[in-house]
Amino acid sequence: MVSFPKKELRKEAKTMFKRVENELEFAMFNGIWTTVWNEKGFEFEFSEVFLERYVVVTEEGHYVGSIEIKPYTEESSMNEIGPFQEHPLIQAEMGHIAEIDKLAILSTFRGQYVTELLSAIVHYAEMNQISYYAMLLEPVLMRALRISYHVPIQKVGGRVFYKGEDVIPSIVNAREVYMNKERFTWLVDPRHNVIKKHK
């Protein structure tokens, strides 16, 4: 399990998450997740439909993390992996559910910058009235999110082998996080997302 002490979290606040807004950022976004997928032996799956894409950029200007937010529907392929559509939270909140995909951090920076990725999805959820995220989480990552970050996660099903690795179909309660920000001290305020310009 990876542990992220508070000292490290404060240090990370100098890093930013930002929306992918141009071709360069899109190329960096694709470079991050395809590099990580290739290392792990995952199958590539490029999304035609998405809601938002974010990258994590260090203060030095290095692109180190990626995350993609996609719409969730009753026809979503996620339902073939776990019984999301049967879960009462999903049924009650249809229209306020999204999927998380391509959550990746380059291996050189692994163990860092998780706070930025989590903050990005919480920020998106708050701005767009998303209540829950449907996710396929690696067991180690799920444990880290629960123990180190106290992220409210519910399992939808047991472990499933999917595209090269065991995953756990899960629901993340984003609304609980953005409605109770004081409980989640790791949150990065998007207003502080500033990178110093280097000469």
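Residues numbered from 1 in each chain as written. Predicted model: local features only at pLDDT ≥ 70, side-chain atom pairs only at ≥ 80, totals over all residues. Heavy atoms only, no water.

Draft legend 1. How the structure looks around the packing of aromatic side chains. On inspection of all chains with the given rule, the structure shows ten aromatic pairs. Summarising the aromatic geometry, the rings of Trp-33 and Trp-37 are spaced 5.7 Å apart at their centres and angled 80° between planes, so their arrangement reads as edge-to-face. With Trp-33 and Trp-37 both in helix α2 (residues 23-40), this residue pair falls four residues apart, about one helical turn. Trp-37 shares its class with Trp-33; the two are buried. Taking 6.0 Å as the distance between ring centres and 55° as the angle between the ring planes, the aromatic pair formed by Phe-109 and Tyr-113 counts as tilted. Cluster of aromatic residues (ring-pair linked, three or more members): Trp-33, Trp-37, Phe-42, Phe-44 and Phe-46. Stacked on the ring of Trp-33, the Lys or Arg Lys-102 has its end atom at 4.8 Å from the ring centre. (Phe/Tyr/Trp six-rings, centres within 6.5 Å; stacked < 30°, edge-to-face > 60°. Helix = DSSP H or I, 4+ residues; strand = E, 2+ residues; numbered from the N terminus. Buried < 20%, exposed > 50% of the residue type's maximum accessible area, 1.4 Å probe, protein only. Lys NZ or Arg CZ within 6 Å of the ring centre and 35° of its normal.)

Draft legend 2. Summary view of unusual backbone geometry. One non-glycine residue, Gln-129, lies in the positive phi region at around 55°. Inspection of the secondary structure assignment puts Gln-129 in the loop between α4 (114-127) and β5 (132-137). The residue His-150 is not glycine, and still its phi comes out positive at about 55°. Looking at where His-150 falls in the secondary structure, it is placed in the loop between α5 (139-149) and β6 (153-155). Accessibility expressed as a relative area gives 54% for His-150, which makes it exposed.

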